[in-house]
Number of protein chains: 2
Amino acid sequence: MVVESARARTLSHVDPAEVPLQTALDALADPVRRSILRDLASHDDWTRACGTFDLPVKKATASHHFAVLRSAGLIEQRDEGARRLNRLRREEFDRSFPGLLSATVDRAD
Amino acid sequence: MVVESARARTLSHVDPAEVPLQTALDALADPVRRSILRDLASHDDWTRACGTFDLPVKKATASHHFAVLRSAGLIEQRDEGARRLNRLRREEFDRSFPGLLSATVDRAD
DNA sequence: CATAGTGTTCGATCCTTGTCGTACAGTTAT
DNA sequence: ATAACTGTACGACAAGGATCGAACACTATG
């Protein structure tokens, strides 16, 4: 029988439909977070652990950014051993905010 | 002969095509500014002076928000007597950031 | 001219948030 | 068990920006 680890149990995900536009825009208005999203958009789901992103910030800051993205309904996270894998919630987010991801992530700065 | 007033001469407008995505997102991420844009979107061009908006901030703050919107290429302003009239730069902005205005302004919060 | 109206500019203040170091928890490997 | 690795939590700090009052410039009106 497979049991969730205590660490994974603390991972709460929000329904993108419940996310206020303000929260979504605040999340998307940071360049480091957009960089994370673009990276996710160009790879298969669940193939990128938090530590595999090439970011211009320390790991404590990176961890903060992943938490912001998760609480804005932009990414989903899943623990796999010591790693935390990520997935862009493209479809769900697009349903709540049509065109927003496309206008901000599928695009150069 | 019609001469621009000294006040109008100081009004500089940017080309939305030259606006960085970061600047556009920063401008759109404020609720007071989105309120201004929605108001403009629902009225004819050049019919709304700065003072005619019902905003929850004092006039000094409102003036700041209009300046931010202008420097982000989101609005155009023109002086008419003592009033400063506004216009949403819908088409130009859409050309540079397709879908962004639609996703943030043509929508409730 | 004097007064009222419209909007900007300038400091000052306050609050948010991005950033980091450190400590900690859980996992994997030796 | 010990060590290395992955990621989070917490406290502190600094920078940016939203806010306001007051002073100012320009315009319109009496």
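My aim in this report is to walk through the structure given alongside it, one point at a time. (Residues numbered from 1 in each chain as written. Chains lettered and ligands numbered in written order. Predicted model: local features only at pLDDT ≥ 70, side-chain atom pairs only at ≥ 80, totals over all residues. Heavy atoms only, no water.)

So, on to the protein's contact with DNA strand D. Taken together, 21 residues form the shell around DNA strand D, and within it G51, S63 and R84 of chain A together with K58 and H65 of chain B come nearest. For DNA strand D, the fraction of atoms within 4 Å of the protein that belong to sugar or phosphate moieties is 74%. Here C50 of chain A contributes a backbone N or O atom positioned 3.1 Å from a phosphate oxygen of DNA strand D. Taken together, the elements giving at least two residues each to the surface near DNA strand D come down to α4 (59-71) and β3 (83-88) of chain A together with α4 (59-71) of chain B. Broken down by element, the surface near DNA strand D gets its largest block of residues, four residues, from α4 of chain B. Its residues placed into classes, the surface near DNA strand D shows seven nonpolar, seven polar and seven charged. (Near = heavy atom within 4 Å. Polar contact = N/O pair within 3.5 Å; in protein donor to acceptor, adjacent residues only side chain to side chain. Helix = DSSP H or I, 4+ residues; strand = E, 2+ residues; numbered from the N terminus. Nonpolar A, V, L, I, M, F, W, Y, C, P; charged D, E, K, R; others polar.)

The two copies are related by a screw motion: chain A maps onto chain B through a turn of 180° and a shift of 0.0 Å along the axis, at an RMSD of 0.0 Å. Look at the turn and shift together and you get a two-fold axis relating the two. Across chain A, the smallest distance between a C-alpha and the rotation axis is recorded for G99 of chain A, namely 2.7 Å. A shared binding surface is used by both copies, with 100% of the interface residues of chain A retained as interface residues in chain B. (Least-squares fit on C-alpha atoms with pLDDT ≥ 70 in both. Contact = heavy atoms within 4.5 Å.)

The next thing to look at is the side chain of R84 of chain B. Residues and elements named next belong to chain B. Here R84 is to be found in strand β3 (residues 83-88). The class of R84 is buried, set by a relative accessible area of 18%. Side chain to side chain, R84 and D79 meet in a polar contact 2.7 Å long. (Buried < 20%, exposed > 50% of the residue type's maximum accessible area, 1.4 Å probe, protein only.)

What follows is about the sheet that holds strand β2 (residues 75-80) of chain B. Residue and element names in this part refer to chain B. Read from one edge to the other, the open sheet built from three strands follows the order β1-β3-β2, with strand pairing classed as antiparallel. The open sheet has two edge strands with one neighbour each: β1 (48-49) and β2. Of the strand pairs in this sheet, β1 and β3 are connected by two bridges, and their pairing is antiparallel. For R48, the partnering residue across the bridge sits in β3 and is N86. (Pairing = 2+ DSSP bridges.)

Here we take up the nonpolar core. The biggest cluster of nonpolar side chains holds 52 residues, and the ones touching the most others in it are L37, L74 and L100 of chain A together with L37, L74 and L100 of chain B. Of all the secondary structure elements, the ones that give two or more residues to this core are α2 (21-28), α3 (31-41), α4 and α6 (100-104) of chain A together with α2 (21-28), α3 (31-41), α4 and α6 (100-104) of chain B. (Core = buried A, V, L, I, M, F, W, Y, C linked by side-chain atoms within 4.5 Å.)

Below, the discussion takes up the sheet that holds strand β1 (residues 48-49) of chain A. Residues and elements named next belong to chain A. Taken together, three strands build an open sheet; the order of strands is β1-β3-β2 and the sheet is antiparallel. With one partner strand each, in any of the chains shown, β1 and β2 (75-80) form the two edges of the open sheet. Relative to β3, α3 is tilted by about 80°, and along the sheet it contacts β1, β2 and β3. Strand contacts of α4: β2 and β3, with the helix running at about 120° to β2, the strand carrying the most contacts. (Axes fitted to C-alpha atoms, helices over the stretch in contact; angles between N-to-C directions.)

Looking now at the interface of chain A and chain B. On the side of chain B, 19 residues touch chain A, which itself brings 19 residues to the contact. Both faces combined, the contact of chain A with chain B buries some 1400 Å², and carbon together with sulfur accounts for 60% of it. Its largest share of buried area at the contact with chain B, chain A owes to L21, L25 and R107 of chain A, together 36% of the area lost on that side. For the pair chain A and chain B, the number of links is zero salt bridges. Joining chain A to chain B, the criterion identifies six residue pairs in polar contact (both at pLDDT 80 or more). Every element with two or more residues in the side of chain A that touches chain B is listed here: α2, α3 and α6 of chain A. If one sorts the elements of the side of chain A that touches chain B by residue count, α2 of chain A sits on top with five residues. Here the residues of the side of chain A that touches chain B sort into ten nonpolar, four polar and five charged. (Buried area = accessible area lost by both parts, 1.4 Å probe. Salt bridge = Lys/Arg side-chain N within 4 Å of Asp/Glu carboxyl O.)

By themselves these figures say nothing about function.
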